[in-house]
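# Structural description and commentary
Here is what each chain is made of, one letter per residue.
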Amino acid sequence: MQREFVTSVYPSFTNEISANEIGANEIVDDISSNNNEDDIVPSDPDGGESGGDGDGGGAADDLDRSKVISEMGSANVPDMKSDIHVLTVIGQVEGHLVMPPQNKTTKYEHVIPQLVAVEESPDIKGLLVILNTVGGDVEAGLAIAEMMASMQKPVVSLVLGGGHSIGVPIAVAAKHSMIAPTATMTIHPIRMTGMVLGVQQSFDYLERMQDRVIGFITSHSRIKDEQVRKFMMNTGELARDIGTVLAGEDAVKCGLIDEVGGLGEALACLHRMVAESRQGHDKNDKNKDDKNNDKQGHCCRGKKHLCDKK
Amino acid sequence: MKMLWSVIPESVVFDGFADGFSLLDHDVENCPCRVRVGSDGVCSIEAVCSTDPRDYLNKNLCPGRRIFLGK
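Residues numbered from 1 in each chain as written. Chains lettered and ligands numbered in written order. Predicted model: local features only at pLDDT ≥ 70, side-chain atom pairs only at ≥ 80, totals over all residues. Heavy atoms only, no water.

### Overview of the overall build of chain A
- A count of helices and strands for chain A gives nine helices and nine strands.
- Buried residues in chain A amount to 39% of all 310 residues.
- In chain A, the share of contacts with a sequence separation of at least 24, taken over all contacts with a separation of at least 6, comes to 63%.
- For chain A, the computed accessible surface area is about 17800 Å², with 51% contributed by carbon and sulfur atoms. (Helix = DSSP H or I, 4+ residues; strand = E, 2+ residues; numbered from the N terminus. Buried < 20%, exposed > 50% of the residue type's maximum accessible area, 1.4 Å probe, protein only. Contact = heavy atoms within 4.5 Å. Areas by Shrake-Rupley, 256 points an atom, 1.4 Å probe, with all protein chains shown as cover.)

Right, dumping it as structure tokens:
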């Protein structure tokens, strides 16, 4: 049994365009490139000029924009350049098995290289992870969480809606974690499906896996091991399962999450961390240069100066 | 054996798992991808199979993006 809560006033159109109109291998949602008379094409909010914020188009532009939103189900997002990368962890965290199509999934084989790219990219200064996940594959989730925790760049996580089960380690893996006041996080025991032998070894394996998860959570947050296990084995809260549902404030009080907040607070925190890390880098570079100059007389120890490559 | 830590019951998550679907390898924007073929002829990107990390930041190659394949 699965209940769905839908509050959208717009029909859920996908931005599909027929193959004849755009040809093979073309990405479907590029509505601005499709210039048929019958189609709705969003007007350029900047009047063809770049760098504007899209507010100067007047009533006609607003009308076009609202038409695009209502007819096509997509908003015309103004172009802007940001040094923050946003990673959304939604639906099920998909692991080694490809989920059936009714699931919304976050694929670990896509997220992990993406984290590498974020860490490597000089244009990206910080990572904002937005979670609204129901959980999923334990090993895939732990892999994502470990990758996030080992990143040098500032990472802030924001739990919106729900950050359940394996979403908990991913949320706490960030350098600073936040949760919306109405968001919830469910902590419950790990499950095993498929053919399970009813032997002690099966239970031991499950317990070891649970220990790994709990160990990660406790080492990346302020919550105590006993507290997590207590939440996990709570029998008085869920009707069809054992475990605990923590709402925004509760998650902060028990030390699982750092702060209650929303998008504004999360972005402000991330920008602050980026500025601090930049200052730290500048300071370290200066100290290193001074040290090397004192020792060797030259920062590159007689080798070709790195700046010469430019 | 599958190990899942999710609030959604396994019966819902894995409903239709045995039905199967076809995946094929295809280049999208010169990047090798694995594509899930839908029954209506519309395909969606299932996974990017590239060794270049920059491909994973390309918004056109996000998993779930719908594409049309040539005949």
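Having put the structure on the table, let's press on.
### Focus: the pattern of salt bridges
- Throughout the structure, instances matching the rule amount to nine salt bridges over all chains.
- The closest approach of N and O atoms between Asp211 of chain A and Arg229 of chain A, which form a salt bridge, is 2.8 Å. Of this pair, Asp211 of chain A sits in helix α6 (residues 200-219) while Arg229 of chain A sits in helix α7 (residues 225-232), and the two are 18 residues apart along the sequence.
- Taking the relative accessible area as the measure of exposure, Asp211 of chain A reaches 33% and is therefore partly exposed.
- Ionic pairing is found between Asp52 of chain B and Arg54 of chain B, a salt bridge with its closest N-O pair at 3.0 Å.
- One salt-bridge network, held together by shared partners, links Glu94 and Lys107 of chain A together with Arg36 and Glu46 of chain B. (Salt bridge = Lys/Arg side-chain N within 4 Å of Asp/Glu carboxyl O.)

### Points about the sheet that holds strand β2 (residues 22-28) of chain B
All names here are of chain B.
- Spatially, four strands are ordered β2-β3-β4-β5 in an open sheet, and the strand pairing comes out antiparallel. Every interior strand has two partners, whereas the edge strands, β2 and β5 (66-67), have only one.
- For strand β3 (residues 31-37) and strand β4 (residues 43-48), the ladder comprises five bridges, and the chain directions are antiparallel. Bridge pairing links Val35 to Ile45 in β4. (Pairing = 2+ DSSP bridges.)

### Some points on the confidence of the model for chain A
- Summarising the model, chain A shows a mean pLDDT of 75, and 66% of its residues fall at 70 or more.
- Here residues 295-310 of chain A is modelled with pLDDT under 50, and outside its nearest four sequence neighbours on either side it reaches twelve contacts, counting other chains as well. (pLDDT = per-residue confidence, 0-100.)

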